[in-house]
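As a plain string of letters, each chain reads:
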Amino acid sequence: MQELRKEPDIAVAAPRPCLLADGFHCVPWQEANAALPEDAWHSLAVSAASPNPFFERWFLLPSLEAFDPDGDIALALLIDDGQLCGLMPVQRSSAYHGRRIPHLAAWMHPNMFCGVPLVIAGYEARFWTACLDHFDTEAGGSLFFHLCQVSPDDPVIRSLRQVCDRAKRPMRTAYAAERALLESSQSPERYLAHSMTTKARKELRRQRNRLSESGSLQVERHRSAEGIDDWVDAFLSLEERGWKGEAGSAIAADPRTREVFGKALASAAALGRLERLTLTCDGAPIAMLATFLTPPGSYAFKTTFDEDFARYSPGLQLQVENLTLLEDENIRWCDSCAVPGHSMIERIWSERRKIAYYTIPVGHGWRRALGAVMAWIEEKRQEARQ
């Protein structure tokens, strides 16, 4: 009888343990990334009290690789029982809105639209207390900590204010505005009827009918990674042909933003964290939208349209199709990521999300006192502008 050969055992790699001890750490991002298991970062993101795709590994890591190859930016990390419970990128800077003022800040680049740290619910106060204590000790020449593009209604930010209040540390508002938000329990049809006047909806239908005379219209919606590279290339090409290309502000105009856009969208698609929406005419895209899905919320990251069809409002036509997000039981809201007062999106999205920038003095003695005075002056200027 022939002896059966035993199949070799298949080695299954054990999850890589976290190489950082329990407690708070603020270390260069390359060192932090090497010490953190990939699944730890992902677990933090899906368990965070407030979603922020821009600080998830698939977006933040390529951003840091592109914009900070020397590793000057640090990651503030909170580890508890071997679990990653909080994360925020931090930089030292002397440039502050055109003035030379040394400070610490939650790092962001221009294509990031939310600065709230990723923190597991229940750890918010512990994370902020540890951060501010560390900033006091390691302030160096910094006068304050600056936090951009966060909502005062966000639970993580409410916790920061409570921590500051308990420590009698001022938390000043350097900027405040509202941007378009989609949040409703209504059906897409009822929402549109309430958000736009009868006259505006009639004009939109007229434009759609005229647009259909130019060719066969189709709406394509994808939440998988299939065809992602071609979609990214088409998006970049469409954007570059428009006014952003002429102004040099298109994503493809800077190799770094091009790299981040491609890598982030491909990774998000692979994780099921991306929805791609496309309006085509005779098979060619005339409006495109990339939305990051971060239950219970989402972020309308980037959109573009073919300016040859501008008289038919293709971007607005696509946003009508985007109202199907209201039917997704896992998504309760969508942040437009648009500038306040955006002429297109505010015609169709009725809700608003408060956005603020905060300045918090750090350090000790006269330096912290000076930071507090500067923050107070900036808040008074902001109030005067409103």
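Summary of the structure given here. The structure presented is a predicted model; accordingly, all values stated were derived computationally and were not measured.

### A closer look at the overall build of the protein
Part 1 of the reasoning: Scanning the protein from terminus to terminus reveals 12 helices and 13 strands.
Part 2 of the reasoning: Its C-alpha radius of gyration of 23 Å places the protein within 12% of the 21 Å reference for a compact globule of 386 residues.
Part 3 of the reasoning: Each principal axis of the C-alpha distribution contributes one length, and for the protein these read about 95 × 70 × 40 Å.
Part 4 of the reasoning: When contacts within the protein are restricted to residue pairs at least 6 apart in sequence, long-range pairs at least 24 apart make up 76% of them.

### Quick word on the layout of surface pockets
Part 1 of the reasoning: Of the voids in this model, the largest pocket is the one considered here, and its volume is about 1,200 Å³.
Part 2 of the reasoning: By residue class, the composition of the lining of the largest pocket is 28 nonpolar, 16 polar and six charged.
Part 3 of the reasoning: There is about 310 Å³ of room inside the second largest pocket.
Part 4 of the reasoning: Considering the residues around the second largest pocket, the lining is formed by 16 residues, among which Ser151, Asp153, Asp154, Trp333 and Arg353 are closest to the centre.
Part 5 of the reasoning: The element best represented in the lining of the second largest pocket is strand β13 (residues 351–361), accounting for three residues.

### Remarks on empty space enclosed by the protein
Part 1 of the reasoning: Applying the stated criterion across every chain yields a total of two cavities of 30 Å³ or more.
Part 2 of the reasoning: In this structure, the largest cavity encloses a volume near 60 Å³.
Part 3 of the reasoning: Elements that contribute at least two residues to the lining of the largest cavity include exactly α3 (57–67) and α10 (255–270).
Part 4 of the reasoning: At three residues, the largest contribution of residues to the lining of the largest cavity is made by α10.
Part 5 of the reasoning: Of the residues assigned to the lining of the largest cavity, the class counts are six nonpolar, three polar and no charged.

### Description of helix α6 (residues 188–195)
Part 1 of the reasoning: Turning to α6, its buried residues are Pro188, Tyr191, Leu192 and Ser195. Burial along α6 is one-sided: seen end-on, the buried residues are contained in an arc of 95°. Structural note: α6 exposes Glu189, Arg190 and His194 on the side pointing more than 90 degrees away from its buried face.
Part 2 of the reasoning: Those residues of α6 that are buried are in contact with β7 (172–182), α7 (198–212), α11 (314–322) and β13.

### Details of the nonpolar core
Soluble globular proteins tend to bury their nonpolar side chains together.
Part 1 of the reasoning: Of all hydrophobic cores here, the largest spans 91 residues; its most connected members are Phe54, Met88, Trp128, Phe145, Leu265 and Phe292.
Part 2 of the reasoning: If we ignore the near neighbours within four places in the chain, the residues touching phenylalanine 145 are Met88, Leu104, Ala105, Ala106, Trp128, Phe135, Tyr358, Thr359, Ile360 and Val362.

### Topic: the packing of α3 against α10
Part 1 of the reasoning: Where α3 meets α10, the axes come as close as 9 Å, and the angle between the chain directions of the two elements is 160°. Taken together, α3 and α10 sit at an angle that is classed as roughly antiparallel. Note that α3 runs across α10; the crossing there is right-handed. Of α10, the residues touching α3 (which contributes Trp58, Phe59, Pro62, Ser63, Glu65, Ala66 and Phe67) are Arg256, Thr257, Glu259, Val260, Lys263, Ala264, Ser267 and Ala268.
Part 2 of the reasoning: For the contact of α3 with α10, a count of residues per class yields eight nonpolar, three polar and four charged.

### So, the pairing of strand β10 (residues 284–294)
Part 1 of the reasoning: With nine of 11 residues buried, β10 lies mostly within the body of the structure.
Part 2 of the reasoning: Strand direction decides the pairing type here: strand β9 (residues 274–281) and β10, joined by eight bridges, are antiparallel. In the strand pairing of β10, leucine 274 is matched with phenylalanine 292.
Part 3 of the reasoning: Where β9 hands over to β10, the hairpin turn is made up of two residues, of which aspartate 282 adopts a positive phi near 55°.
Part 4 of the reasoning: Here β10 runs beside strand β11 (residues 297–305); their pairing, made up of eight bridges, is antiparallel. Note on β11: the bridge partner recorded for threonine 294 is glycine 297.
Part 5 of the reasoning: Hairpin geometry of β10 and β11 is characterised by an intervening segment of two residues between the two adjacent antiparallel strands.

### Section: the packing of aromatic side chains
Part 1 of the reasoning: One pass over the full model with this rule turns up 20 aromatic pairs.
Part 2 of the reasoning: Judged by centre distance (5.0 Å) and plane angle (70°), the rings of tyrosine 96 and phenylalanine 144 are edge-to-face. A residue pair is termed long-range when its members are at least 10 positions apart, and tyrosine 96 in strand β3 (residues 83–96) and phenylalanine 144 in strand β6 (residues 144–150) qualify at 48 residues. With respect to burial, tyrosine 96 and phenylalanine 144 carry one shared label: buried.

### Digging into the state of the cysteines
Each disulfide consists of a covalent bond between the sulfur atoms of two cysteine residues.
Part 1 of the reasoning: Within this structure, the stated rule accounts for zero disulfides.
Part 2 of the reasoning: For cysteine 131, which is in no disulfide, the shortest distance to another cysteine sulfur is to cysteine 26 and amounts to 7.1 Å.
Part 3 of the reasoning: Overall, the relative accessible area of 0% leaves cysteine 131 in the buried class.
Part 4 of the reasoning: In this structure cysteine 148 is not part of a disulfide, and its nearest cysteine sulfur, from cysteine 114, lies 11 Å away.
Part 5 of the reasoning: With relative accessibility at 16%, the residue cysteine 148 sits in the buried group.

### Looking at α11
Part 1 of the reasoning: Where burial is concerned, most of α11 is hidden: seven out of the nine residues are buried.
Part 2 of the reasoning: Burial in α11 covers these residues: Pro314, Gly315, Leu316, Gln317, Leu318, Gln319 and Asn322.
Part 3 of the reasoning: Against α7, β9, β10 and β11 lie the buried residues of α11.

### Things to note about the environment of lysine 263
Part 1 of the reasoning: Mapped onto the elements, lysine 263 comes out in helix α10.
Part 2 of the reasoning: For lysine 263 and glycine 283, which are 20 residues apart along the polypeptide, the C-alpha to C-alpha distance reads 25 Å.
Part 3 of the reasoning: Setting aside its immediate chain neighbours within four residues, lysine 263 contacts Pro62 and Glu65.

Parameters and conventions
Residues numbered from 1 in each chain as written. Predicted model: local features only at pLDDT ≥ 70, side-chain atom pairs only at ≥ 80, totals over all residues. Heavy atoms only, no water. Helix = DSSP H or I, 4+ residues; strand = E, 2+ residues; numbered from the N terminus. Rg over C-alpha atoms; globule rule 2.2 N^0.38 Å. Contact = heavy atoms within 4.5 Å. 1 Å grid on protein atoms, 1.4 Å probe; cavity = no way out; pocket = protein on both sides within 12 Å on 5 of 7 lines; lining within 4 Å. Points joined across faces, edges and corners; volume = space filled by probe spheres on them. Nonpolar A, V, L, I, M, F, W, Y, C, P; charged D, E, K, R; others polar. Buried < 20%, exposed > 50% of the residue type's maximum accessible area, 1.4 Å probe, protein only. Arc of directions from axis to C-beta. Core = buried A, V, L, I, M, F, W, Y, C linked by side-chain atoms within 4.5 Å. Axes fitted to C-alpha atoms, helices over the stretch in contact; angles between N-to-C directions. Parallel < 35°, antiparallel > 145°, perpendicular 65-115°, else oblique. Left-handed = near helix turned anticlockwise from the far one by under 90°. Pairing = 2+ DSSP bridges. Phe/Tyr/Trp six-rings, centres within 6.5 Å; stacked < 30°, edge-to-face > 60°. Disulfide = S-S within 2.5 Å.

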